[in-house]
Amino acid sequence: GEALVFLYISYVVCCELASGADQENQVIMKPILSVLLLLLCLQMLPAQQRSLELASNIYHEGEIALLKGKYKKAIRLFNKALSVKPDLRAAQRGIGLVYDLQKMPREALTYYIEVLEHDPWFSRVLYYQVAEAYYKLGAYDEAIFYFEKFDYLQAENDTKFTVNGEKERLRE
């Protein structure tokens, strides 16, 4: 924490000094600024890694709750994982799956579509789940669109998909 603040303040001060310096001193300041920026980034990396690990652990607890049929607990844990790492698409999909299992396709769609909007290569199976949800809602044109998209994606290499490309292929 303190090292990060110190590096940030040093970087800002050096930027101010460099902006008012003559050309000769700016040449000297550039490598110093580069090193400070690198150190600043390196200080931030462990915190980001820790938040990803924490969010992943909470997400896995949510998966276990989901598998045990504890849907309220699963949603709470998936939301908690999202509060730590807001772009954890697997947690968003997990919430959608809970709603899907509770026969609430409209709510499931909200989460499924959000995942696909942010990461269209997240999961091929997710397109099928979206299609099924639209079908359950009687939105047949949308369902056909996503069923066709799912079929089209069968030709894509499994490694293009963010999550479980090869594992999903075995289930399809």
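Residues numbered from 1 in each chain as written. Predicted model: local features only at pLDDT ≥ 70, side-chain atom pairs only at ≥ 80, totals over all residues. Heavy atoms only, no water.

*Asks:* Account for the packing of helix H4 (residues 89-101) against helix H5 (residues 105-118), with residues named and values stated.
*Replies:* Between H4 and H5, the least distance of the axes is 7 Å, while the angle of their chain directions is 155°. The pairing of H4 with H5 is recorded here as roughly antiparallel in orientation. Like other packed secondary-structure pairs, H4 and H5 cross with a definite hand, here left-handed. Where H4 approaches H5, its residues Arg 89, Gln 92, Arg 93, Ile 95, Gly 96, Leu 97, Tyr 99 and Asp 100 are matched on the opposing element by Glu 107, Ala 108, Tyr 111, Tyr 112, Glu 114, Val 115 and His 118. Grouping the constituent residues of the contact of H4 with H5 by class yields 7 nonpolar, 3 polar and 5 charged. (Axes fitted to C-alpha atoms, helices over the stretch in contact; angles between N-to-C directions. Helix = DSSP H or I, 4+ residues; strand = E, 2+ residues; numbered from the N terminus. Parallel < 35°, antiparallel > 145°, perpendicular 65-115°, else oblique. Left-handed = near helix turned anticlockwise from the far one by under 90°. Contact = heavy atoms within 4.5 Å. Nonpolar A, V, L, I, M, F, W, Y, C, P; charged D, E, K, R; others polar.)

*Asks:* Could you give an account of the side chain of Gln 129, naming the residues involved and the relevant values?
*Replies:* Along the chain, Gln 129 falls in helix H6 (residues 124-136). Within the local environment of Gln 129, its side chain forms a polar contact with the side chain of Arg 93, the two groups lying 2.8 Å apart. In this structure, Gln 129 is in contact with Arg 93, Leu 97 and Tyr 112, ignoring residues within four places of it in sequence. (Polar contact = N/O pair within 3.5 Å; in protein donor to acceptor, adjacent residues only side chain to side chain.)

*Asks:* Describe in detail helix H7 (residues 140-153), supporting the description with residues and values.
*Replies:* Think of an α-helix as turning once every 3.6 residues; residues three or four places apart then point the same way. In this model H7 runs 20 Å from its N-terminal to its C-terminal C-alpha over 14 residues, within 8% of the 20 Å that 1.5 Å per residue would give. Among the residues of H7, Ala 143, Tyr 146, Phe 150 and Leu 153 are the ones counted as buried. Burial along H7 is one-sided: seen end-on, the buried residues are contained in an arc of 95°. Exposed residues pointing more than 90 degrees away from the buried face of H7 are listed as Asp 141, Glu 148, Asp 151 and Tyr 152. On its buried face, H7 sits against H5 and H6. (Expected span 1.5 Å × (residues − 1). Buried < 20%, exposed > 50% of the residue type's maximum accessible area, 1.4 Å probe, protein only. Arc of directions from axis to C-beta.)

*Asks:* Would you mind going over the pattern of salt bridges in detail, with residue names and values included?
*Replies:* Tallying each qualifying case throughout the model produces 2 salt bridges. Lys 85 is the salt-bridge partner of Asp 87, the closest N and O atoms lying 2.7 Å from each other. The class for Lys 85 is partly exposed, based on a relative accessible area of 22%. (Salt bridge = Lys/Arg side-chain N within 4 Å of Asp/Glu carboxyl O.)

*Asks:* Residue-level account of the nonpolar core, with values.
*Replies:* Ranked by size, the top nonpolar core spans 36 residues in total, and within it Tyr 59, Phe 78, Leu 88, Ala 91, Val 130, Tyr 134 and Tyr 146 carry the most contacts. Broken down by secondary-structure element, the contributors of at least two residues to this core are helix H2 (23-67), helix H3 (71-84), H4, H5, H6 and H7. Among residues more than four places away in sequence, those in contact with Phe 78 are Tyr 59, Gly 62, Glu 63, Ala 91, Gly 94, Ile 95 and Val 98. (Core = buried A, V, L, I, M, F, W, Y, C linked by side-chain atoms within 4.5 Å.)

*Asks:* Before we move on, can you summarise the packing of aromatic side chains with the specific residues and values?
*Replies:* How two aromatic rings sit relative to each other is set out by the distance from centre to centre and by the angle between their planes. Summed over the entire model, instances satisfying the criterion amount to 8 aromatic pairs. Ring plane angle 25° and centroid distance 5.8 Å describe the contact between Tyr 134 and Tyr 146, whose orientation is recorded as stacked. On the criterion of sequence distance, the pair formed by Tyr 134 in helix H6 and Tyr 146 in helix H7 is long-range, its members being 12 residues apart. Both residues of the pair, Tyr 134 and Tyr 146, count as buried. (Phe/Tyr/Trp six-rings, centres within 6.5 Å; stacked < 30°, edge-to-face > 60°.)

*Asks:* Account for the environment of Leu 66, with residues named and values stated.
*Replies:* Checked against the element boundaries, Leu 66 lands in helix H2. Between the C-alpha atom of Leu 66 and that of Leu 97, which follows or precedes it by 31 residues, the distance is 8.8 Å. Filtering out sequence-adjacent residues up to four positions away, Leu 66 remains in contact with Tyr 71, Ala 74, Leu 97, Val 98 and Leu 101.

*Asks:* Run through H5, naming residues and quoting values.
*Replies:* In this model H5 runs 20 Å from its N-terminal to its C-terminal C-alpha over 14 residues, within 8% of the 20 Å that 1.5 Å per residue would give. Listed as buried for H5 are Pro 105, Ala 108, Leu 109, Tyr 112, Ile 113, Val 115 and Leu 116. Each buried residue of H5 lies within a common arc of 155° when the element is viewed along its axis, so the set occupies one face. Away from the buried face of H5 by more than 90 degrees, exposed residues Arg 106 and Glu 117 are located. Looking at the buried positions of H5, the neighbouring elements they touch are H4, H6 and H7.

Taken by themselves, the reported measurements are silent on function.
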